[in-house]
Amino acid sequence: MIKRFYIVWVLLVWNAAAYGQFLDKSKDWNFSENYRHWGLTVAGNLYPFTSTDAMKTGSMDLRRYYMWGFDLGLAYHIRLNNHWGIKLKLTAERMPVYSYRFYLPGNETRDGKSYFTTVANRYAPWSFRLPVGVEYRFFTVPRYIFFLQGGVDIGYVREFFEAKVHNPYLATAFADSGRRLRFDPYVAVGWYYLFPWFMWETDIVYRHHPGVPYFNGAYSVTGLQQTADFGGRIAQPGHYIGLRFVWYLHRRNRHAGAECPGQVHSKKVLKRRRAEEKARKRAEKILKKERKRALKRQKRMKPKRKKKKKFLIF
């Protein structure tokens, strides 16, 4: 399945390039012209895919709605034309390893009462990610720009090991798989919204991790009254569904007179305008010098008035 994903992704890129869709800018206007290419990104990620072997008695269920991780960092948007683009992100991710509800019936506990507790979230050390994706955009709703995105999330995972007793009955042990570099395919759908002072991007992301889980572990349950001690396997595969926000700050429009869509000028036009501006300033300087010279000549040509002699009478 993963190989098929990579093959389809490569064929999509190749097909678009072959037909010139990537570089075709005819009748194109730059929707991101007034915003910076760099943006700040923050995401909340839900990890509901943790696998756990069933217990012989009682239950250990995932606290599904509390198994949240997050990431934050920078995004860089490369606009090839209005419909196609490339998206790069450099983020730091905090992934949860476990978060459980643990239950034992009263006939298994020492005091004869049902035992119920929660095992709080445990997070792995920060990992560093570089998602690289190809984006296709749709301009169907005013002010909203919808997009589809697919790519590969390249990650560096740091070492992790933990063995812990959580309560009188439950103990766990976790370790990373030893693979530091990870290559996870992802898909995203979302939209841009253009505000006067920044461009807001919203992504709904699904990341899939093929192969060996990020973190493998085991649990053991001991001290029961009627059931012998037992254990099982637990794992954190690394898949998640995320909600990501990216903010691109506003910048001053570098092309005066091109604020409206459809008025983005080519480099030749801008170069000609700069040359015309330089020529105009040069002509003004020459004209100013000529006026000064003309005034000096007029002063020289004017006849000098004879001074009247004054006589002093005593």
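On a predicted model such as this, the values are computed, not experimentally measured, just so you know.

**Description of the confidence of the model for the protein**
Alright, step 1. Summarising the model, the protein shows a mean pLDDT of 83, and 81% of its residues fall at 70 or more.
Alright, step 2. Taken as a whole, residues 16-24 scores under 50 in pLDDT and shows 13 contacts with residues more than four places along the chain or in a different chain.
Alright, step 3. Within the model, the stretch residues 256-264 combines pLDDT values under 50 with eleven contacts to residues more than four positions away or in other chains.

**Points about the pattern of salt bridges**
Alright, step 1. Enumeration according to the criterion identifies 17 salt bridges in this entry.
Alright, step 2. In this structure, R280 and E284 form a salt bridge, with 2.7 Å as the shortest nitrogen-oxygen distance. With R280 and E284 both in helix α2 (residues 267-301) and four residues apart, this pair spans about one turn of that helix.
Alright, step 3. Relative accessible area serves as the criterion here: at 44%, E284 is assigned to the partly exposed category.
Alright, step 4. In this structure, the salt-bridge partner of E290 is R293, at a minimum N-O distance of 3.3 Å. Note that E290 and R293 are positioned in helix α2 at a spacing of three residues, about one turn of the helix.
Alright, step 5. Exposure remark for E290: the relative accessible area of 37% places this residue in the partly exposed category.
Alright, step 6. R293 gets classed as partly exposed once you look at its relative accessible area, which sits at 47%.
Alright, step 7. Taken together, the shared-partner salt bridges in this structure form one network comprising E93, R129, D153, D184 and R207.

**Observations regarding the sheet that holds strand β15 (residues 230-236)**
Alright, step 1. Strand order in the open sheet formed by five strands is β2-β15-β14-β11-β10, with antiparallel pairing between adjacent strands. With one partner strand each, in any of the chains shown, β2 (51-52) and β10 (161-165) form the two edges of the open sheet.

**Observations concerning the nonpolar core**
Alright, step 1. If you look at the biggest cluster of nonpolar residues, it comprises 29 residues, and the most contacted ones within it are M55, M60, F102, F215, Y219 and V221.
Alright, step 2. Elements supplying a minimum of two residues to this core: β3 (59-62), β6 (96-104), β11 (170-176), β12 (181-194), β14 (215-221) and β15.
Alright, step 3. Take this core: its biggest share by element is five residues, from β6.
Alright, step 4. In terms of nonpolar packing, the next biggest core, distinct from the first, is built from ten residues, Y35, I145, F147 and V246 among them.

**Things to note about the pairing of strand β8 (residues 127-141)**
Alright, step 1. Summarising the sheet, strand β5 (residues 84-94) and β8 pair through eight bridges and their orientation is antiparallel. The residue bridging A92 from the neighbouring strand is F128, located in β8.
Alright, step 2. Relative to strand β9 (residues 144-156), β8 runs antiparallel, the two sharing twelve bridges. Across the sheet, V134 pairs through a bridge with G150, a residue of β9.
Alright, step 3. Between β8 and β9, which follow one another and run antiparallel, lie two residues, and R143 among them has a positive phi close to 75°.

Definitions and cut-offs
Residues numbered from 1 in each chain as written. Predicted model: local features only at pLDDT ≥ 70, side-chain atom pairs only at ≥ 80, totals over all residues. Heavy atoms only, no water. pLDDT = per-residue confidence, 0-100. Contact = heavy atoms within 4.5 Å. Salt bridge = Lys/Arg side-chain N within 4 Å of Asp/Glu carboxyl O. Helix = DSSP H or I, 4+ residues; strand = E, 2+ residues; numbered from the N terminus. Buried < 20%, exposed > 50% of the residue type's maximum accessible area, 1.4 Å probe, protein only. Pairing = 2+ DSSP bridges. Core = buried A, V, L, I, M, F, W, Y, C linked by side-chain atoms within 4.5 Å.

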